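Residue-level listing of the chains:
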Amino acid sequence: APQLAALSDVFAARFDPTSPMDDAAFGAAIDDFDKSVAVGFQAEESRSLLHAMGRCLRHTMRTNAPLAESRRALALRLDPALFAQPISQHAPHVLQLPYGVFFVAGRHFSSFHVRFADVARGGLRVVAPADSEAHVAESRRHFLECLNLAWAQQLKNKDIPEGGSKGVCLVTPGSSSKERAELLHGSVKATIDGMLDLISPGALARLGEAAEAPADRVGRGPEQIYLGPDENITPDDIDWVVHRAAERGYARPAAFMSSKPAEGINHKEFGVTSEGVAVFLDVALNALGLSPRTEPWSVKLTGGPDGDVAGNMLQILHREYGDKVRVVGMADGSGCAEDPAGLPMAELLRLFEQSLPLSALDRAALSPSGLLTTVDTEEGFHARNSMHN
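Residues numbered from 1 in each chain as written. Predicted model: local features only at pLDDT ≥ 70, side-chain atom pairs only at ≥ 80, totals over all residues. Heavy atoms only, no water.

Draft legend 1. Up close: the state of the cysteines. Scanning the entire structure with this criterion turns up zero disulfides. C146 supplies the cysteine sulfur nearest to C56, a cysteine that is in no disulfide, at a spacing of 15 Å. Note on C56: relative accessible area 33%, which makes it partly exposed. Take C146: it sits in no disulfide, and the sulfur closest to it among the cysteines is that of C169, at 11 Å. In this structure C146 comes out as buried when scored by relative accessible area, which is 0%. (Disulfide = S-S within 2.5 Å. Buried < 20%, exposed > 50% of the residue type's maximum accessible area, 1.4 Å probe, protein only.)

The structure is reproduced here in structure tokens:
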């Protein structure tokens, strides 16, 4: 369609490093595009899609599109105002617009990074659906999941000078375990390189923006991003991210990703986050008049036995409360396990020690009333998403 060709031309002109289209001409060009779509398409679906594309371009503040010879994926720094309406409709509990949003798209993945303050910290996770059906479902909620996770981190960080953020990289399903591993690691690398295209001084200079002056459309110079490891991020990924940031000239490469294997305290090894959650839980139970060390009680966990928080929480629950606590439900990226008699703690701890997801749980260890479902089935997908309700 000629409208798409026109929009592509406007995109290229707006971010031409040598002679970018000015604000007035850009606004007029997007207005003309919207008018041509309104009169040129009868189908409401087509009009809605093209108008959405125009809105996305109108709210694109920076892109690595001109770096065609070196970029590994298309990266956009988006004006958070683009998301005002969907946030109000689908996430009214999020009480403020994000400070910044990055979107990175490659051949086999797409990634969002959302932060609620200039200086904000949060994990980067990789979501790897088991099949195309699950991938479609994850795609529909991709941004909202990233938004909600970033907002939760913002609330958790209320007493420290860092805001909350989150990155979610969604990859297409792989046909084998080897292909899946390659997809995961390759998508992490392309996501990081795409973000570095928009925040490292050398790339900004090639995009025609002054690295030291806050003169670009973002309203400031290079942004500082602080990541941490989350689901499906390995120690090798962490090392690569830090080394790549240094190679690209990022100002503080060591701070770009936390939990470096050879430095500081490994959160997963020492269960740093889980110990804090466990203290809060113990205080809350006692405040409710329960005695968790002498009375039986039950709990559900959102997160996998191979994860940092939920995995270590299993160890702590077993250490502190023994057979007084029953984990009656658990859900992670692979599936959902529920058992009113209590999931087998020894089996859960085996999964934690071997860094295995919930889908690897031995069904034979469940009681007759127990059930394990995986996300590659419709039943398992809905159980995973609703278990915590």
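Draft legend 2. Here's a closer look at the nonpolar core. Formed by 31 residues in total, the largest nonpolar core has its most connected members in I192, I225 and F256. Within the residue set of this core, elements represented by two or more residues are β3 (100–105), β5 (120–127), β6 (163–171), α7 (177–199), α8 (201–206) and α9 (235–247). In terms of residue count, the dominant contributor to this core is α7 (eight residues). Listed in part, the 24 residues of the second largest apolar core include L285, L349, L366 and L372. (Core = buried A, V, L, I, M, F, W, Y, C linked by side-chain atoms within 4.5 Å. Helix = DSSP H or I, 4+ residues; strand = E, 2+ residues; numbered from the N terminus.)

Draft legend 3. Fine view of the layout of surface pockets. Quantified by volume, the second largest pocket comes out at close to 910 Å³. Lining the second largest pocket we find 38 residues, and of these A52, C56, L82, F83 and F112 sit closest to its centre. Elements with a minimum of two residues in the lining of the second largest pocket: α1 (2–14), α3 (44–58), β2 (74–78), α4 (84–90), β4 (109–115), α5 (132–140) and α6 (142–156). For the lining of the second largest pocket, a count of residues per class yields 21 nonpolar, 13 polar and four charged. (1 Å grid on protein atoms, 1.4 Å probe; cavity = no way out; pocket = protein on both sides within 12 Å on 5 of 7 lines; lining within 4 Å. Points joined across faces, edges and corners; volume = space filled by probe spheres on them. Nonpolar A, V, L, I, M, F, W, Y, C, P; charged D, E, K, R; others polar.)

Draft legend 4. Layout of the sheet that holds strand β9 (residues 325–332). The strand order across the open sheet formed by four strands is β8-β9-β10-β11, and the pairing between neighbours is mixed. In this open sheet, the two strands that pair with only one neighbour each are β8 (297–302) and β11 (371–374). Ignoring which end each strand starts from, the neighbouring axes of this sheet average 15 degrees apart. Sheet analysis places β8 next to β9, joined by six bridges and oriented parallel. Residue pairing across strands places W297 opposite V325, the latter belonging to β9. Along the sheet, helix α13 (residues 308–321) contacts β8 and β9; its crossing angle with β8, the most-contacted strand, is approximately 165 degrees. (Pairing = 2+ DSSP bridges. Axes fitted to C-alpha atoms, helices over the stretch in contact; angles between N-to-C directions. Contact = heavy atoms within 4.5 Å.)

Draft legend 5. The pattern of salt bridges, seen in detail. Enumeration over the complete set of coordinates arrives at 25 salt bridges. The shortest N-O distance in the salt bridge between R77 and E223 comes to 3.0 Å. Here E223 lies in the loop between α8 and β7 (226–229) and R77 lies in strand β2, a separation of 146 residues in the sequence. Here the two residues R77 and E223 agree in accessibility, since each one is buried. Between D230 and R125 there is a salt bridge, with its nearest N and O atoms 3.4 Å apart. (Salt bridge = Lys/Arg side-chain N within 4 Å of Asp/Glu carboxyl O.)

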